[in-house]
Amino acid sequence: MPRRLSDVAAFAGVSVATVSRVLHDKPGIAQATRDAVLTALDVFGYERPQKLRNERAPLIGLVLPELQNPIFPAMAELVVTELIRHNLLPVLCTRTADGLPEAHYVQMLLAQNVGGIVFIGSSYADAGAEQVKVLRARKLPIVLINAADENLDVPRVCVDDAVAVRQALAHLRALGHERIGLILGPVGHVPSARKLAAFAQERGGDPGWRALVAHTIFTMEGGATAAARLVGEGATGLVCASDALALGAVRAVRKLGLAVPADVSVVGFDDSSLMSVTDPPLTTVRQPIAAMGSAAVAALMSQINGHVVPVDEVLFDPELIVRGSTGMCPAR
C-alpha cells in the first residue's frame with residue numbers, strides 16, 4: 001500500500017500525506033487537490049474508499065463534433081476497440097441537434113470521474129477556459145486526434161494535411177488541370193488552415209489562386225455551394241477537405257449541366273465508407289485511421305500508467321486513392 005500511495009501521490013503532484021488525508025476524507029483539502037487524487041486512484045485502477053465511491057467504472061470519454069461525417073464514427077470505432085482491449089469503458093459524447101458544446105460534455109465527464117478523454121476532430125481548447133483549467137489541475141490524461149484548434153500542450157495525433165493537398169494537386173496536374181479549386185471547412189478550422197497553407201505554397205506563382213479557394217461548412221450542401229462558385233471561376237479540378245464536401249461538389253457540377261470527370265474532376269479527403277461505390281467512385285485522400293487510433297490510445301495509456309508523454313504532434317502520411325471522379329482536363 002505505501003508503494004501504491006506514492007504512485008498516486010506522484011501522479012497527482014501531491015505528498016503521500018495529502019493522499020492519505022483525502023482517502024480518510026479529512027477536512028481542509030482543496031477541491032482541486034481532492035479531484036486530482038481521486039483521478040489518480042481511478043487511472044491507476046485502485047478502488048476508492050467506500051465513503052468516496054460513487055458508481056465507478058474505468059471510463060474514457062470520446063468527444064466528437066458530429067456523427068454525420070462517416071470518418072468520425074469510423075475513427076471512434078477503432079479507438080473504442082483499442083480501449084476495450086485495455087479493459088477501459090468508452091463513453092461517446094457528440095454534439096446533438098440542440099448544439100451541446102464540448103464544455104458541457106467535459107463537465108459531465110469530470111463529474112463521472114473519467115480516467116481520460118480522447119478528442120476526435122474536436123478540440124481541447126473548445127472545452128472553455130474554466131474547463132481547461134480544471135482538466136490541467138486534475139492532470140487528466142488527454143489525447144487529441146485531428147484537433148479543430150491549436151492545442152500545443154497536450155499529445156496530438158494528426159494526419160499530415162499538407163501532404164494530402166500536395167498529393168491531390170500532383171494528381172490533378174498530371175491530368176492536365178491548371179485551374180484547380182480548393183474547398184475547405186470554416187475559417188479558423190486548423191486542418192483546413194493547414195491545407196490552405198500548402199495550397200498557397202504550391203499555387204503561389206498563380207496570381208489568381210485566392211479566387212479558387214472557398215470556405216464553407218462541412219456538409220454536402222456547403223460543398224455544392226462552394227463548388228458552383230469555383231466552377232464559375234473556371235476551375236476544372238476541385239480538391240475538397242472532406243468526402244462530404246466532395247459529394248456535394250459532384251452534385252453541383254451536375255446541376256450546372258456538366259459531368260464528373262469529363263468536365264470537372266473532384267478529389268475528396270478521408271476515404272470514408274462507401275466512397276468506392278458512389279457515382280462515380282470518388283478519388284480521395286485516405287487517412288490512416290487505424291494507425292492513428294492505435295497511436296492515440298497508446299499515448300493515452302502511457303499517461304494513465306504514469307509516464308510522461310511528449311506533447312509533440314505525431315503526423316501520419318495520407319494516401320491518394322484514385323477512382324473514377326478524376327480524369328483528363330477537358331480541352332478548352
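These numbers were taken from a predicted model, which means no experiment stands behind them. (Residues numbered from 1 in each chain as written. Predicted model: local features only at pLDDT ≥ 70, side-chain atom pairs only at ≥ 80, totals over all residues. Heavy atoms only, no water.)

Caption draft 1: Spotlight on the overall build of the chain. Helix and strand counts for the chain stand at 11 helices and 12 strands. Principal-axis analysis of the C-alpha atoms gives the chain an extent of 80 × 35 × 30 Å. A burial count over the chain gives 52% of its 332 residues as buried. For the chain, the share of sequence-separated contacts (at least 6 apart) that also reach a separation of at least 24 residues comes to 73%. Charge-centre separation for the chain: the mean point of 30 positive side chains lies 5 Å from the mean point of 32 negative side chains. (Helix = DSSP H or I, 4+ residues; strand = E, 2+ residues; numbered from the N terminus. Buried < 20%, exposed > 50% of the residue type's maximum accessible area, 1.4 Å probe, protein only. Contact = heavy atoms within 4.5 Å. Lys, Arg positive; Asp, Glu negative; His and termini not counted. Charge placed at Lys NZ, Arg CZ, Asp CG, Glu CD.)

Caption draft 2: Focus on the environment of Asn113. Structurally, the position occupied by Asn113 is in the loop between helix H5 (102-111) and strand S3 (116-120). Sequence-wise, Asn113 and His177 are 64 residues apart; in three dimensions their C-alpha atoms are separated by 54 Å.

Caption draft 3: Geometry of the sheet that holds strand S11 (residues 313-316). Taken in spatial order, the six strands line up as S2-S1-S3-S4-S5-S11 in an open sheet, and their pairing is parallel. Edge positions in the sheet fall to strand S2 (89-94) and S11, since each of these pairs with one other strand and no more. If you compare each strand with its neighbour and ignore which way they point, the axes differ by 20° on average. Examined bridge by bridge, strand S5 (residues 156-159) and S11 share four bridges and lie parallel to one another. Looking at the pairing, Cys158 lines up with Leu315 of S11. Lying on the sheet, helix H4 (residues 71-85) is in contact with strand S1 (59-64), S2, S3 and strand S4 (142-145); it crosses S1 at an angle near 170°. Set on the sheet, helix H11 (residues 289-304) makes contact with S1, S3, S4, S5 and S11; between it and S4 the angle comes to about 165°. (Pairing = 2+ DSSP bridges. Axes fitted to C-alpha atoms, helices over the stretch in contact; angles between N-to-C directions.)

Caption draft 4: Region of the structure containing unusual backbone geometry. Looking along the chain, the bond that leaves Val260 and enters Pro261 is cis, with omega of 10°. Its location among the elements puts Pro261 in the loop between helix H10 (243-255) and strand S9 (265-270). The omega angle of the peptide bond from Asp279 to Pro280 is -5°, so this bond is cis rather than trans. Mapped onto the fold, Pro280 is located in the loop between S9 and strand S10 (283-286). Phi is positive for Asp25, close to 55°, though the residue is something other than glycine. With respect to the secondary-structure elements, Asp25 resides in the loop between helix H2 (16-23) and helix H3 (31-44).

Caption draft 5: How the structure looks around the packing of aromatic side chains. Going through the model one piece at a time under the given rule, you end up with one aromatic pair. A cation over a ring is seen here: Lys195 above Phe269, with NZ or CZ 3.9 Å from the ring centre. (Phe/Tyr/Trp six-rings, centres within 6.5 Å; stacked < 30°, edge-to-face > 60°. Lys NZ or Arg CZ within 6 Å of the ring centre and 35° of its normal.)

Caption draft 6: Focus on empty space enclosed by the protein. Following the criterion strictly, the structure yields two cavities of 30 Å³ or more and no others. The calculated volume of the largest cavity comes to roughly 70 Å³. Asn146, Ala147, Asp149, Glu150, Asn151, Arg156, Cys158, Asp161, Val190, Pro191, Arg194 and Glu313 together form the lining of the largest cavity. Put simply, the parts of the chain that give the lining of the largest cavity at least two residues each are S5 and helix H8 (190-203). Looking at which element gives the most residues to the lining of the largest cavity, the answer is H8, with three residues. Taken together, the residues of the lining of the largest cavity break down into four nonpolar, two polar and six charged. By volume, the second largest cavity amounts to about 30 Å³. For the second largest cavity, the full set of lining residues is Ala164, Val165, Lys195, Val239, Cys240, Ala241, Gly268, Phe269 and Val285. (1 Å grid on protein atoms, 1.4 Å probe; cavity = no way out; pocket = protein on both sides within 12 Å on 5 of 7 lines; lining within 4 Å. Points joined across faces, edges and corners; volume = space filled by probe spheres on them. Nonpolar A, V, L, I, M, F, W, Y, C, P; charged D, E, K, R; others polar.)

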